[in-house]
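Take a look at the letters that make up each chain.
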Amino acid sequence: MTRAELDAAGITDSSLRRSYLCCRELNAAHGKTFFLATRLLAPDQRPAVHALYGFARRADDILDDFDPVLTPADRAQRLRSLATQFDRADTAGDPVLAAVLHTAQTYRIPRHLFEAFLRSMRMDLTVTDYPDRAALDHYVYGSAEVIGMQLLPVLGTTESVEAATPFAAALGKAFQLTNFLRDVDEDLARDRVYLPADELAAYGVDRGLLEWCRRRRRVDPKVRRALAEQHRITRDIYAEARRGIELLAPRSRPCVETAAVLYGEILDRIESADFEVFGRRARVGTRRRLRVGAAGWLRARRARRIPHSPAGPGTSSEPFDTAEFREHG
């Protein structure tokens, strides 16, 4: 359906279409839950969402490529090059930049949101621990909250963008904090801890104890209690963020609601595994993805039938693609 999506979005230039397709492939390969949720958007919305994901993925790949030959200085230079190309609208040699620059211009997404994102990415080159919540929030603003804010013009709102912005930022933050809990093991392998040190210390936990758990592939009771508190904080942020879904254009709500449900259920899996985050990765099963995705697809289809809604051109006749949900489960 990629040609239909590009046609629906009015993207006709062949080189620009290739850039958008590259972004879509990145999202499909790495986005998993996020990619599945985008299938519930109207076809004309999807290319822009894939472009924003593609840009974020490009920066993430620079940081997390396990190539041992790349030094921190090499990675810093690659990030600078990406930022310079974006700033100068220079798309040479980078297959995703044309799409994200076109999306930013089409939807008038403020440049400072991309600058904040790149600042947080640069932090990953030198910052390995966060002393408190304020320090972590500073990182998360650029790494996740601005992503939700970038998406708002694409999703559309029933009130002003300003009214919906705090909720979009909160949902991006909730998704990121979910990743931090799920990926404690993986992040330690990259010498990073994305949990506030002072909040861990309140339960007698430090980096050394986390490393001990990682080596032994089991969770110390103190770590379990500390992670349970982080879990509670993240749950509260989800609750706040979901209040803003009603401020989105009706045709966008099923996508965002589905993403919130599936990401929230990753938290459920972490809790049901008693916070055994070492040596295992919390996942939502394919059957459950299918159920949530099918329900979201029905809501999306109904929303696009609303006369004179922000749903744009008519109703999509696309079937619910169960194969795609199985593939990305």
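What comes next is a walk through the structure.

Cut-offs used in this document
Residues numbered from 1 in each chain as written. Predicted model: local features only at pLDDT ≥ 70, side-chain atom pairs only at ≥ 80, totals over all residues. Heavy atoms only, no water. 1 Å grid on protein atoms, 1.4 Å probe; cavity = no way out; pocket = protein on both sides within 12 Å on 5 of 7 lines; lining within 4 Å. Points joined across faces, edges and corners; volume = space filled by probe spheres on them. Helix = DSSP H or I, 4+ residues; strand = E, 2+ residues; numbered from the N terminus. Nonpolar A, V, L, I, M, F, W, Y, C, P; charged D, E, K, R; others polar. Salt bridge = Lys/Arg side-chain N within 4 Å of Asp/Glu carboxyl O. Buried < 20%, exposed > 50% of the residue type's maximum accessible area, 1.4 Å probe, protein only. Core = buried A, V, L, I, M, F, W, Y, C linked by side-chain atoms within 4.5 Å. Contact = heavy atoms within 4.5 Å.

Let us now look at empty space enclosed by the protein. As enumerated under the stated definition, the model contains 4 cavities of 30 Å³ or more in all. Quantified by volume, the largest cavity comes out at close to 50 Å³. The wall of the largest cavity is formed by Arg133, Leu136, Leu177, Phe180, Leu181, Tyr194, Leu195, Pro196, Gln230 and Thr234. The element best represented in the lining of the largest cavity is helix α9 (residues 161-182), accounting for 3 residues. For the lining of the largest cavity, the per-class residue count stands at 7 nonpolar, 2 polar and 1 charged.

A few words on the pattern of salt bridges. For the structure shown, the criterion picks out 30 salt bridges. With its nearest N and O atoms 3.3 Å apart, the salt bridge here joins Arg217 to Asp185. Highlighted residues: Arg217 in the loop between α12 (207-216) and α13 (221-242) and Asp185 in helix α10 (residues 184-189), separated in sequence by 32 residues. For Arg217, a relative accessible area of 42% corresponds to the partly exposed category. The class for Asp185 is buried, based on a relative accessible area of 10%. Here the salt bridges do not stand alone but share partners, grouping Arg182, Asp183, Glu186, Arg190 and Arg281 into one network.

Relative to the assigned elements, Arg287 resides in helix α15 (residues 286-303). Residue classification places Arg287 among the exposed residues on the basis of a relative accessible area of 67%.

What follows concerns the nonpolar core. By size, the foremost hydrophobic cluster in this structure holds 88 residues, and its most contacted members are Phe55, Val223 and Phe278. At 11 residues, the largest contribution of residues to this core is made by α9. Non-local contacts of Val223, meaning those with residues more than four positions away in its chain, are made with Val205, Leu209, Leu210, Cys213 and Phe278. In this structure, Tyr20, Leu26, Ala51 and Val96 belong to the second largest nonpolar core, which totals 10 residues.

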